[in-house]
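Secondary and tertiary structure notes
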Amino acid sequence: MREPLRITILRHAVLLAFVAISIYPVLNVVSISLRPGDRLRSTDLAIIPADWTLASYAALFTEQPFLRWLGNSLAVSAAVTVTGVALASTAGYAFSRFRFIGRRATMLAILTTQMFPATMLLLPLYVLIARLGLVDTWLGLMIFYTATALPFCVWQMKGFYDTIPASLEEAARIDGCTRGQAFWYVVLPLATPGLVITALFSFMTAWSEYIVAAQVMQREEMFTLPLGIKGFQASLSSQWGLYAAASILVSLPVVAVFLSLSRFLVNGLTVGSVKE
Amino acid sequence: MATVSIRGLHKRYPGGFHAVRGISLDIADGEFLVLVGPSGCGKSTSLRMVAGLEEVSEGEIRIGDRLVNDIAPGDRDIAMVFQNYALYPHLSVRDNMAFGLRMRNTPRAEIERRVSAAAAALSIESLLARRPRELSGGQRQRVALGRAIVREPAVFLFDEPLSNLDAKLRVQMRAELALLHRRLGTTVIYVTHDQVEAMTLGDRIVLMNHGVIQQIDAPLAIYRRPANRFVAAFIGSPTMNFFHGTIRDGGFVAAGGAARVPLDGVAATVPSGDAVLGIRPEDFVVGGGDEDAAAFATAEVTVAEQMGHETLAHVSIGGATSIVRVPGNRGVAPGDRLPLGVRAGAMHLFAADDEGRRLA
Ligand SMILES: Nc1ncnc2c1ncn2[C@@H]1O[C@H](COP(=O)(O)OP(=O)(O)O)[C@@H](O)[C@H]1O
Ligand SMILES: [Mg+2]
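Residues numbered from 1 in each chain as written. Chains lettered and ligands numbered in written order. Predicted model: local features only at pLDDT ≥ 70, side-chain atom pairs only at ≥ 80, totals over all residues. Heavy atoms only, no water.

1. Some thoughts on the domain arrangement of chain B
Residue and element names in this part refer to chain B. As assigned here, chain B comprises domain 1 (4-233) and domain 2 (238-351). Taken together, the contact pairs seven residues of domain 1 with nine residues of domain 2. Carbon and sulfur atoms supply 54% of the area buried between domain 1 and domain 2, which totals about 720 Å² over both sides. Ranking the residues of domain 1 by area buried against domain 2 places Y223, R229 and A232 at the top, with a combined share of 68%. Our count for the domain 1 to domain 2 interface comes out at zero salt bridges. Of all elements in the fold, only α7 (219-224) and α8 (229-234) reach the threshold of two or more residues within the side of domain 1 that touches domain 2. Looking at the side of domain 1 that touches domain 2, the element that brings in the most residues is α8, giving three residues. (Domains from an automatic or database assignment. Contact = heavy atoms within 4.5 Å. Buried area = accessible area lost by both parts, 1.4 Å probe. Salt bridge = Lys/Arg side-chain N within 4 Å of Asp/Glu carboxyl O. Helix = DSSP H or I, 4+ residues; strand = E, 2+ residues; numbered from the N terminus.)

Right, dumping it as structure tokens:
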């Protein structure tokens, strides 16, 4: 049945409106980052202003410790991602496959931590990290982020393993694998989409976080990118050009990570293996 | 190749369910042994204990002369074919078959040789590069078989390998399995709930119910002399007809008196009293008594199922329904009254209690 024209027009109008709403700010930031000086407002409607310049970008690298912040952010995010994937993939497997005393209780406890907003956990976790002498260190921030990202990742991985038939592992064990080998050669390859989601989630948790970083990192040289960028926004004269240019650069790694991992996000990896 | 010996095997699942209750059995080298029984009777559990996938609660399992209770599945020199095939979905057919050999560090050339040979034997050479999801059910079944064959194990374990195939393919694969076994001569333990598979494939059949072995014997021996009423009802299709009644004065009288038959030669060994008489549908003779058959009852046909080469007549004898197999396509119609006899030596007498042990 063909859709009436009115409906088609209405549908597209709504979709276009939302596309505009989501794209406009991004384009606006691009535009600001290319303007000379710190002109936040402009009557010019062009996305690329007539007098465009890369001065703001250059200033980030020459006049500001942008590279240092980038390094901090990358180091912490990479560490959170690796730890998150390693711990979630193994813990999720244990919850999915083994029946042990306290399994349900532990799973519920993990879920419970997700009921509190991270800001609420800020104080106790900060005290913890301060006691450990980890204020102003990569490790301190990494522990913080891993602790907040892990519960979701563990549940997510458990759910994923639950969809992988146990008979595949049994076949592998009869084929000569130890439990560990069966996990490595058969289960993990089939859990790739789950691992990718875990990796993306861990990375994003660390990469774009501000509030926690603002507590743990106190010296400017230890700042992560969100902290550093916030610094451009002073109460009297904000450096909007730098702010915008840095925002654009911060998003690039995220886009790169998403693009490179998205091809692993396919459904139905286990299709055809078993017949239920 | 190897013998398998099972002694006093028990399985209690966590939670307390007692799934296998003390089974003992010896499987000869090269034998095709079929474990058969209704769903839930503990066949898979028993097989999985032999495979090492399920812990043994009590008892001993020996493969060859090695006690394997505490040996890892991969070190038991067995291969298993699962009901759901359990092919590795991320590997090609070739790699699926080679996986077990690679795990055992078999030389590359030897892997290549064995995979090619198995693929040829199963006619799946053209599928070697495909992934499992690109195969039909029957092809997946062959690959699963191939994966077991290349390992050249001492014992094959099959858990309902044909039950996911359609009827036609099942008949074909059944024949191929029989052929394969004759060619390889490897010991096989084959689990099925299908009595036809059991009858056609097994050198011997082990019939289980509620975790207990009911009878172990060659297919025809079980068919001819079922050890109890459960076995009698399970083996044979349509199932055996049972009549509750009494033995007295050298004859059997069905409850209500609708049927009676002399038990020449049998009654001497069986005490008088309550009993159950079993008669297979093909052991009735239409036309009543003559020198080969003893007169039994007159029955009214309620339903006549024409199969072409035979007719299955559902008849009412004293209010209870029995099935009579009438050879050929001789006209039998609902409402007909058939005089029925029983072929000599085809009567099975069982105890009337729940156990239903064979009396004669
Ligand atoms: N992991 C398990 N935990 C508890 N009970 C089980 C488990 N696996 C099977 N059972 C029970 O044990 C009995 C035998 O199961 P199984 O050996 O699979 O039967 P089948 O003869 O159909 O293969 C069934 O009643 C089943 O419900
Ligand atoms: Mg089963």
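2. Points about the pairing of strand β14 (residues 273-279) of chain B
All names here are of chain B. Along β14, five of the seven residues are buried, which leaves the element largely enclosed by surrounding structure. When strand β11 (residues 241-248) meets β14, the two strands line up antiparallel, connected through seven bridges. Opposite F242, over in β14, you have G278 as the bridge partner. (Buried < 20%, exposed > 50% of the residue type's maximum accessible area, 1.4 Å probe, protein only. Pairing = 2+ DSSP bridges.)

3. Let's talk about the pattern of salt bridges
Oppositely charged side chains may form a pair once their charged atoms are brought near each other. In this structure the tally under the stated criterion is 22 salt bridges over all chains. Of the charged contacts in the structure, one is a salt bridge between D175(A) and R151(B), with a shortest N-O distance of 3.1 Å. Taken together, the residues span two chains, with D175(A) in the loop between α7 (166-174) and α8 (179-190) and R151(B) in the loop between α4 (137-149) and β7 (155-159). Here D175(A) and R151(B) have matching classes, each one buried. When the shortest N-O distance is used, the salt bridge between R114(B) and E152(B) registers 3.6 Å. Residue R114(B) is found in helix α3 (residues 108-121), and its partner E152(B) is found in the loop between α4 and β7; the two are separated by 38 residues along the sequence.

4. Let's talk about the environment of S322(B)
Residues and elements named next belong to chain B. One can find S322 in strand β18 (residues 320-327). Given a relative accessible area of 1%, S322 falls into the buried group. Sequence spacing of S322 and F242 is 80 residues, and the spatial spacing of their C-alpha atoms is 7.9 Å. Ignoring anything within four residues of it in the chain, the contact list for S322 reads N241, F243, A313, H314, V315 and I317.

5. Description of the interface of chain A and chain B
Across the contact, 23 residues belong to chain A and 27 residues belong to chain B. At the boundary of chain A with chain B, total buried surface from both sides reaches about 2,200 Å², with 60% on carbon and sulfur atoms. Across the salt bridge formed by R48(B) and E170(A), the nearest N and O atoms sit 2.9 Å from each other. Put simply, chain A and chain B have ten residue pairs in polar contact (both at pLDDT 80 or more) between them. Sorting the residues of the side of chain A that touches chain B by element identifies α7 and α8 of chain A as the ones contributing at least two each. The biggest single contributor to the side of chain A that touches chain B is α7(A), with seven residues. (Polar contact = N/O pair within 3.5 Å; in protein donor to acceptor, adjacent residues only side chain to side chain.)

6. Here we look at helix α2 (residues 93-103) of chain B
An α-helical segment advances 3.6 residues per turn. Residues three or four places apart therefore align on the same side. With eight of its eleven residues buried, α2(B) lies for the most part within the structure. The set of residues buried in α2(B) consists of V93(B), N96(B), M97(B), A98(B), F99(B), G100(B), L101(B) and M103(B). Elements in contact with the buried residues of α2(B): α7 and α8 of chain A together with α3 and α4 of chain B. In the segment just after α2(B), N105(B) is the residue with positive phi, at about 55°.

7. Thoughts on the site of ligand 1
All names here are of chain B. Ligand 1 sits among Y13, F17, A19, S39, G40, C41, G42, K43, S44 and T45. Y13 has a polar side-chain atom sitting 3.2 Å from a nitrogen atom of ligand 1. Contact between ligand 1 and G42: an oxygen atom at 3.0 Å from a main-chain N or O atom of the residue. When isolated, ligand 1 has an accessible area of 560 Å², and the protein chains bury 60% of it. Here the shell around ligand 1 takes three residues from helix α1 (residues 43-51), the largest share from any one element. Of the residues that constitute the shell around ligand 1, the class distribution is four nonpolar, five polar and one charged. (Near = heavy atom within 4 Å. Areas by Shrake-Rupley, 256 points an atom, 1.4 Å probe, with all protein chains shown as cover. Nonpolar A, V, L, I, M, F, W, Y, C, P; charged D, E, K, R; others polar.)

8. A look at the layout of surface pockets
Approximately 680 Å³ is the volume found for the largest pocket. If you go around the largest pocket, you meet 23 residues; those closest to its centre are R173(A), R179(A), L53(B), E54(B) and E55(B). Every element with two or more residues in the lining of the largest pocket is listed here: α3 (66-97) and α7 of chain A. Here the lining of the largest pocket gets four residues from one element, more than from any other, and that element is α7(A). Counted by class, the lining of the largest pocket contains eight nonpolar, three polar and twelve charged residues. What the second largest pocket holds in volume is close to 290 Å³. Taken together, 16 residues make up the lining of the second largest pocket; nearest its centre are Q114(A), A118(A), L121(A), A147(A) and T148(A). (1 Å grid on protein atoms, 1.4 Å probe; cavity = no way out; pocket = protein on both sides within 12 Å on 5 of 7 lines; lining within 4 Å. Points joined across faces, edges and corners; volume = space filled by probe spheres on them.)

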